[in-house]
Amino acid sequence: MSEPILQARAAQLDAEDGLAKLRERFTLPEGVVYLDGNSLGALGAGVPDAVADVVRRQWGELLIRSWDESRWWTAPERIGDRIAPLIGAAPGQVTVGDSTSVNLFKALVGAARLAAPGRTRMLVDATTFPTDGYIAASAARMTGLELVPVDPADAAGAFTADTAVVLLNHVDYRTGRLHDLPALTAAAHAAGALIVWDLCHSAGALPVGLDAHEVDLAVGCTYKYLNGGPGSPAYIYVAQRHQDAFDSPLPGWNGHAEPFAMTPDYTPAQGAARTRVGTPDILSMLALESALDAWEGVEIEAVRAKSLALTDFFLECVAAYVPQGKVEAVTPAEHGRRGSQVSLRTDNAREVMAELISRGVVGDFRAPDVLRFGFTPLYVGFADAERAARTLGHIFG
Ligand SMILES: *Cc1c(COP(=O)(O)O)cnc(C)c1O
């Protein structure tokens, strides 16, 4: 298909896109197609002023009073409750703070302590983002479990009566493959195991349904599809039914039932607050809170529909523009197995991505040979997808 036809299609799809106006909620660089929102989301339009107010007024003028008057102390639960609907969680189960790596540690050791006695294994996604594997290895060692890598696409067969805890990624960071959270969660439960899901590449891009599918624990970061900003704090979900028994391996004073009683003994807070550790990173946490304004009135189902339409259209444009045999899609074509990115395998992927970036199309490279293009439906449109594919075609042309 020729360029004019695909460009006309892109214009038509953008004109019909009910989410197109959401782009105004972000500040994006002029002339750039940004397809790396799965690594670092874009800047929310209201964030600079919100952060300036936190710094100048809340910190500069109110000082210590802000812990109460600017509601700093309760920010981890309050912002957790704003993320909750995006991942299908009722209020009171999500707490924001620390990094994803740290929350993985809390979730895995906490899950091992919740598991039925006598179980000996912790299963982890063999193709996981490295930090999950490193943390799982340490958590397994600490809790006396054997760490067993499993193929996430075929994990259910590995769930046995020995399995204490399973850790899986909802979407694979490299291939963009979406795993079947409802079925794998049900299979883990059928084997009597607990399951921890890493939502880094799904939250904000597609419906997760944590409560509906009875997930036990989950973690995720907020600087990818949730646009919280560089290093914005992560979150942890502990299902209501596990909260009373959840025994954090990092019982800091912020998770105490009475933090200001300053008692020598630890009594965990009721509810999700017991996942808190130390003093929250208020500046980045409140930048995240402002960034979440972009989700006002947005249904995650509509975001998912646009994401699939965008990735379909991008794949179609790549097929039309890139000479046969130069790239190979490693992201599944089937909608039910696709996240919100397209990964293309190619020779010299690092150089090809550098060339794309120099031509104003920003994606990223993942070793050894993958070009990654993240589609963030809140601010990426169909003309962006067409331009990205066309630019890629010119590089090979
Ligand atoms: C991005 C990502 C992380 C990031 O962990 P940090 O502690 O925030 O650095 C962890 N796991 C997965 C699967 C990710 O995609």
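Computed from a prediction, not measured in an experiment: that's the story for all the values here.

Visitor: Explanation requested: the pattern of salt bridges in the structure shown.
Guide: Opposite charge on two side chains permits pairing when their charged atoms draw close. Following the criterion strictly, the structure yields 22 salt bridges and no others. Measuring nitrogen to oxygen at the nearest pair gives 3.5 Å for the salt bridge that ties Asp369 to Arg345. With a gap of 24 residues between them, Asp369 in the loop between strand S14 (364–366) and strand S15 (370–374) and Arg345 in strand S12 (residues 341–345) connect regions that are remote in the sequence. Exposure remark for Asp369: the relative accessible area of 23% places this residue in the partly exposed category. Measuring nitrogen to oxygen at the nearest pair gives 3.6 Å for the salt bridge that ties Asp364 to Arg366. In this structure Asp364 comes out as buried when scored by relative accessible area, which is 8%.

Visitor: Quick question: what am I supposed to make of the packing of helix H4 (residues 75–83) against helix H9 (residues 282–291) here?
Guide: When two helices pack together, their arrangement is given by the angle between the helix axes and by the axis-to-axis distance. Direction vectors running N to C along H4 and H9 enclose 30 degrees, while the axes themselves pass 10 Å from each other. As summarised for this structure, H4 and H9 are arranged roughly parallel, according to the angle between their axes. Both H4 and H9 take part in a crossing whose hand is left-handed. Counted together, Ala75, Pro76, Arg78, Ile79, Arg82 and Ile83 of H4 and Met285, Leu286, Leu288 and Glu289 of H9 form the full contact between these two elements. Counted by class, the contact of H4 with H9 contains seven nonpolar, no polar and three charged residues.

Procedures and definitions
- Residues numbered from 1 in each chain as written.
- Predicted model: local features only at pLDDT ≥ 70, side-chain atom pairs only at ≥ 80, totals over all residues.
- Heavy atoms only, no water.
- Salt bridge = Lys/Arg side-chain N within 4 Å of Asp/Glu carboxyl O.
- Helix = DSSP H or I, 4+ residues; strand = E, 2+ residues; numbered from the N terminus.
- Buried < 20%, exposed > 50% of the residue type's maximum accessible area, 1.4 Å probe, protein only.
- Axes fitted to C-alpha atoms, helices over the stretch in contact; angles between N-to-C directions.
- Parallel < 35°, antiparallel > 145°, perpendicular 65-115°, else oblique.
- Left-handed = near helix turned anticlockwise from the far one by under 90°.
- Contact = heavy atoms within 4.5 Å.
- Nonpolar A, V, L, I, M, F, W, Y, C, P; charged D, E, K, R; others polar.

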